[in-house]
Amino acid sequence: EPEVTQTPSHQVTQMGQEVILRCVPISNHLYFYWYRQILGQKVEFLVSFYNNEISEKSEIFDDQFSVERPDGSNFTLKIRSTKLEDSAMYFCASLTEGLAGELFFGEGSRLTVL
Amino acid sequence: TQLLEQSPQFLSIQEGENLTVYCNSSSVFSSLQWYRQEPGEGPVLLVTVVTGGEVKKLKRLTFQFGDARKDSSLHITAAQPGDTGLYLCAGGVLLAGSARQLTFGSGTQLTVLP
């Protein structure tokens, strides 16, 4: 069964460092997302990406965040200068088309900022 | 900002009991999905409902979408310990084209005791 894969599974970094989280979406999907979940809190939308550009972003997704799909398979989330409050589980997801399309989630990348 | 309120937040029941989890919003959604999330993993889709008043059954789970497409419920009959997990509802809103943003509820942590 096709799946969304994410790396690394866990990253520990110092405050102020840059972090890149990587995702390989399901190959024939066209819509890609990043969500995050702070420990004990709800899953929050960060950004959606379609046709090589951001289609929607939340207020969480400020100038410190960026996404790109550099080679047609990987989908990356970059945090330029991490803050303590960026510590969370980051989930990548890709979507089958249509109103009732299923959003497939990866297993997540846990980011710990010290 | 669209919000989804889930209740109860925590639920602990004995094996064999029935339970209902509620998901309510003041906003109308194009679709409503229910996910189950295990610790340290990404959410896994259980069901999608798109029509007001729609009822879907998945073995012992019954999902209903409200007539006005603002609320939903998940009913589990004869709960089993394997049903233990975090249940998330997510409202879908169509964006440009057929891209879709999901707004997640805060989740219901269900524990079924043997």
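Residues numbered from 1 in each chain as written. Chains lettered and ligands numbered in written order. Predicted model: local features only at pLDDT ≥ 70, side-chain atom pairs only at ≥ 80, totals over all residues. Heavy atoms only, no water.

Asks: I keep staring at the overall build of chain B and nothing clicks. Help me out?
Replies: Broken down by element type, chain B carries 0 helices and 11 strands. Starting at the N terminus and ending at the C terminus, chain B contains elements arranged as β-β-β-β-β-β-β-β-β-β-β. For 114 residues, the compact-globule estimate of 2.2 N^0.38 gives 13 Å, and the C-alpha radius of gyration of chain B, at 14 Å, lies within 12% of that figure. Projected onto its principal axes, the C-alpha coordinates of chain B cover approximately 45 × 30 × 20 Å. The buried share of chain B, reckoned over its 114 residues, is 48%. When contacts within chain B are restricted to residue pairs at least 6 apart in sequence, long-range pairs at least 24 apart make up 54% of them. (Helix = DSSP H or I, 4+ residues; strand = E, 2+ residues; numbered from the N terminus. Rg over C-alpha atoms; globule rule 2.2 N^0.38 Å. Buried < 20%, exposed > 50% of the residue type's maximum accessible area, 1.4 Å probe, protein only. Contact = heavy atoms within 4.5 Å.)

Asks: What is the right way to look at the side chain of R36 of chain A in this model?
Replies: Looking at the secondary structure, you find R36 of chain A in strand β4 (residues 31-37). Owing to a relative accessible area of 10%, R36 of chain A belongs among the buried residues under this scheme.

Asks: Quick question: what am I supposed to make of the pairing of strand β8 (residues 75-79) of chain A here?
Replies: The side chains of a regular strand alternate, first on one face of the sheet and then on the other. Residue and element names in this part refer to chain A. Burial of β8 is extensive: 4 of the 5 residues sit out of reach of the surface. Bridge analysis of strand β3 (residues 19-24) against β8 gives 5 bridges, and the strand direction is antiparallel. When the bridges of β8 are listed, C23 appears paired with F75. Of the pairings in the sheet, the one linking strand β7 (residues 65-68) to β8 comprises 4 bridges and is antiparallel in character. Bridged to E68 within β8 is T76. (Pairing = 2+ DSSP bridges.)

Asks: Where do I start with a negative patch on the surface in this structure?
Replies: A surface patch of negative charge is lined by E1, E3 and E107 of chain A together with E41 of chain B. If you trace the backbone, E1 of chain A turns up in the segment before β1 (5-7). Judged by its relative accessible area of 86%, E1 of chain A falls in the exposed class. (Patch = residues over 30% accessible without salt bridge, like charges linked within 9 Å, V, L, I, M, F, W, Y side chains within 5 Å. Areas by Shrake-Rupley, 256 points an atom, 1.4 Å probe, with all protein chains shown as cover. Salt bridge = Lys/Arg side-chain N within 4 Å of Asp/Glu carboxyl O. Lys, Arg positive; Asp, Glu negative; His and termini not counted. Charge placed at Lys NZ, Arg CZ, Asp CG, Glu CD.)

Asks: How should the packing of aromatic side chains be read in this particular structure?
Replies: Aromatic rings in a pair are described by how distant their centres are and how their planes are angled relative to each other. Residue and element names in this part refer to chain A. Enumeration according to the criterion identifies 13 aromatic pairs over all chains in this entry. Centre to centre, the rings of Y35 and F45 are 5.7 Å apart; their planes meet at 70°, and the pair counts as edge-to-face. Of this pair, Y35 sits in strand β4 while F45 sits in strand β5 (residues 43-50), and the two are 10 residues apart along the sequence. In this pair, the class of Y35 matches that of F45, namely buried. Measuring from centroid to centroid gives 5.6 Å for Y35 and F105, while their planes differ by 55°, and the two rings are tilted. Residue Y35 is located in strand β4, and its partner F105 is located in strand β10 (residues 103-105); the two are separated by 70 residues in the primary sequence. Owing to a relative accessible area of 0%, Y35 belongs among the buried residues under this scheme. (Phe/Tyr/Trp six-rings, centres within 6.5 Å; stacked < 30°, edge-to-face > 60°.)

Asks: Could you clarify how one ought to interpret the pattern of salt bridges in this entry?
Replies: Should their charged atoms come close, side chains of opposite charge can pair. Residue and element names in this part refer to chain B. Under the definition given, this model contains 4 salt bridges over all chains. The partner of E38 in a salt bridge is R36, with the nearest N and O atoms 2.7 Å apart. Relative accessible area serves as the criterion here: at 28%, E38 is assigned to the partly exposed category. R36 gets classed as partly exposed once you look at its relative accessible area, which sits at 21%.

Asks: How do you make sense of the environment of E5 of chain B when you look at a structure like this?
Replies: Residues and elements named next belong to chain B. Here E5 lies in strand β1 (residues 5-7). Placed 98 residues apart in sequence, E5 and T103 show a C-alpha to C-alpha distance of 11 Å. Every residue in contact with E5, bar those within four places of it in the chain, is listed here: Y22, C23 and N24.

Asks: Which parts of the structure should I look at to understand the sheet that holds strand β3 (residues 19-24) of chain B?
Replies: Working definition: the strands of a sheet are paired by backbone hydrogen bonds and lie parallel or antiparallel to each other. Residue and element names in this part refer to chain B. Across the sheet, which stays open at both edges, the 5 strands sit in the order β1-β3-β8-β7-β6 with antiparallel pairing between neighbours. Only two strands of the sheet have a single partner each, and these edge strands are β1 and β6 (55-58). Strand-to-strand twist in this sheet, taken as the mean axis angle between neighbours without regard to direction, amounts to 15°. Where β3 meets strand β8 (residues 71-76), 6 bridges bridge the pair, whose relative direction is antiparallel. Directly across from L19, in β8, lies its bridge partner I76. (Axes fitted to C-alpha atoms, helices over the stretch in contact; angles between N-to-C directions.)

Any functional reading would require information that these geometric values do not contain.
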